[in-house]
Amino acid sequence: MIHVAVLGYGTVGSGVVEVIETNKEAIDKRAAAKLNIKYILDLRDFPGDPYEDKVVHDFNIIINDPEVTVICETMGGLHPAYEFSKQALLAGKSVCTSNKELVASHGPELIEIARKNHCNYLFEASVGGGIPIIRPLNYSLTAEKIDSITGILNGTTNYILTKMDKEGADFEDVLKEAQEKGYAERNPEADVEGYDACRKIAILSSLMCGKNVSYEEIYTEGITKISAADFLYAKQMDKSIKLLAMSRDKEEGFFAMVAPFMISRSHPLYSVSGVFNAIYVHGNMLGDSMYYGRGAGKLPTASAVVSDVVDCARHPGKTIMCFWENDNVRVADSKKDQGKFFVRVNSAQKEAAMETFGSLAEINVGIVEEFGFMTQAMTEQEFHDKIEKIGGCINRIRIFSA
Ligand code: HSE
């Protein structure tokens, strides 16, 4: 029997219990052992809950119980999740987590502690919710040199942008509606400013490189400046606007970025709508592959946590392969990254824009006060300098090229 403790009986934690209960037979078979939820750690009591007798308030009960060999950390946040995870791993108990913030901040350290103590720090649920992406990167794509990852890694922003695209609505209105329906948090900053996607692409980038890509070094821009007018132009170009999180291993350096991009209808990520997530991976032998599904939500996320528990159950006393060394990758200066840009300026700036940008493609959607255009490829720095020279712009959005 594998005795499991769940830290945090919130959305994902209660989902873990539900997944184990619902799919008991199949899970026990695949784990080659019976899984038993022995403890649930939470500050609260849950009178009437079928698992109320498992609820404890003191982490020491769990850490001091030698029967507990696997811990599901579904608390979220850095503290005390970091301290609890570290203590558990030092005691040789495996930890399975959905906590992207903690994985992005302390992943390599916790993986190393797990390795030294013959247990595991597993985090399939930390990126893309229920989508298997950590395991493919760790196991399935080991013959590849992965040179690029592009993801739609945040369901809230993808829901908002999809609605704006379909309904021609403005950001603030869609955000308000999403909050009323419970799709967006009351404090949506982490999602709409791109911080959540930034942590997730830092994790994927680290696995891609086998070394630590610090989320603090990733240029991150959210979706708050995207307007209904931007979508008019995007439509005219047969494109949509998506918040993309990407990393590229190029000859000039390792580039990573989170920002809204205009993406063509012909690209598979164009069709990823609503709360769905997808991760598009390019390997030098396989070429492109894409991983798609529900990137958030109670049961999808819990399913990924439980898949890690099953892996732990199948490998008692063994550390599962995961290359993420505690050695930092130098992320290249995003100003040196190259690409094309879509730009909106006031009509009065049209001549200056044409003179400064030289060859450009005008995009006309009938807004007389504006001049919209697409630039040639140039570095971020060149673009920045040219925009400054013409006195700024109404908005600019990068054009995605695979
Ligand atoms: N807030 C996240 C999202 C939840 O909207 O995708 C999953 O990390």
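Residues numbered from 1 in each chain as written. Predicted model: local features only at pLDDT ≥ 70, side-chain atom pairs only at ≥ 80, totals over all residues. Heavy atoms only, no water.

### A short note on the site of the ligand
Part 1 of the argument: Around the ligand, the surrounding shell consists of K100, N154, G155, T156, D191, D196, K200, G295 and A296.
Part 2 of the argument: Between the ligand and D191 there is a distance of 2.8 Å, counted from a nitrogen atom to a side-chain nitrogen or oxygen.
Part 3 of the argument: Here K200 contributes a side-chain N or O atom positioned 2.8 Å from an oxygen atom of the ligand.
Part 4 of the argument: Going through the elements one at a time, α7 (155–167) and α10 (195–209) are the ones with two or more residues in the shell around the ligand. (Near = heavy atom within 4 Å. Polar contact = N/O pair within 3.5 Å; in protein donor to acceptor, adjacent residues only side chain to side chain. Helix = DSSP H or I, 4+ residues; strand = E, 2+ residues; numbered from the N terminus.)

### With respect to the nonpolar core
General note: in soluble globular proteins, nonpolar side chains tend to be found buried as a group.
Part 1 of the argument: If you look at the biggest cluster of nonpolar residues, it comprises 84 residues, and the most contacted ones within it are I62, Y121, F123 and L204.
Part 2 of the argument: With 32 residues, the next largest nonpolar core counts Y9, Y51, V55 and I320 among its residues. (Core = buried A, V, L, I, M, F, W, Y, C linked by side-chain atoms within 4.5 Å. Buried < 20%, exposed > 50% of the residue type's maximum accessible area, 1.4 Å probe, protein only.)

### Section: the sheet that holds strand β4 (residues 68–73)
Two pairing modes exist for strands in a sheet, parallel and antiparallel, and in both the strands are linked by backbone hydrogen bonds.
Part 1 of the argument: One open sheet accounts for 6 strands, arranged β3-β2-β1-β4-β5-β6; its pairing is parallel. With partners counted over all chains shown, the strands left at the sheet margins are β3 (55–56) and β6 (121–122), one partner each.
Part 2 of the argument: In this sheet, strand β5 (residues 94–97) lies alongside β4 in parallel orientation, the contact comprising 4 bridges. Each bridged residue has a counterpart across the sheet, and for C72 the counterpart in β5 is C96. (Pairing = 2+ DSSP bridges.)

### Considerations on the packing of aromatic side chains
Part 1 of the argument: Taken as a whole and assessed by the stated rule, the structure comprises 12 aromatic pairs.
Part 2 of the argument: An angle of 10 degrees between the planes, with centres 4.0 Å apart, marks the rings of F59 and F84 as stacked. With a gap of 25 residues between them, F59 in helix α3 (residues 59–63) and F84 in helix α4 (residues 81–90) connect regions that are remote in the sequence.
Part 3 of the argument: Given the relative accessible area of 16%, F84 is considered buried.
Part 4 of the argument: Ring geometry for F123 versus W324: centroids 5.7 Å apart, planes at 75 degrees, classification edge-to-face. One end of the pair, F123, is in the loop between β6 and α6 (134–140); the other, W324, is in the loop between α12 (298–314) and β14 (325–328), with 201 residues separating them in the sequence. There is no split in this pair, since F123 and W324 are both buried.
Part 5 of the argument: Ring pairs connect the aromatic residues F341, F357, F371, F373 and F383, which therefore count as one cluster.
Part 6 of the argument: A cation sits over an aromatic face here: K250 above F255, 4.9 Å from the ring centre. (Phe/Tyr/Trp six-rings, centres within 6.5 Å; stacked < 30°, edge-to-face > 60°. Lys NZ or Arg CZ within 6 Å of the ring centre and 35° of its normal.)

### Some remarks on the pattern of salt bridges
Part 1 of the argument: Applying the stated criterion to the full structure yields 26 salt bridges.
Part 2 of the argument: Of the charged contacts in the structure, one is a salt bridge between K86 and E109, with a shortest N-O distance of 3.2 Å. Taken together, the residues span a long stretch of sequence, with K86 in helix α4 and E109 in helix α5 (residues 100–116) at a distance of 23 residues.
Part 3 of the argument: Judged by relative accessible area, K86 falls into the partly exposed class, the value being 27%. (Salt bridge = Lys/Arg side-chain N within 4 Å of Asp/Glu carboxyl O.)

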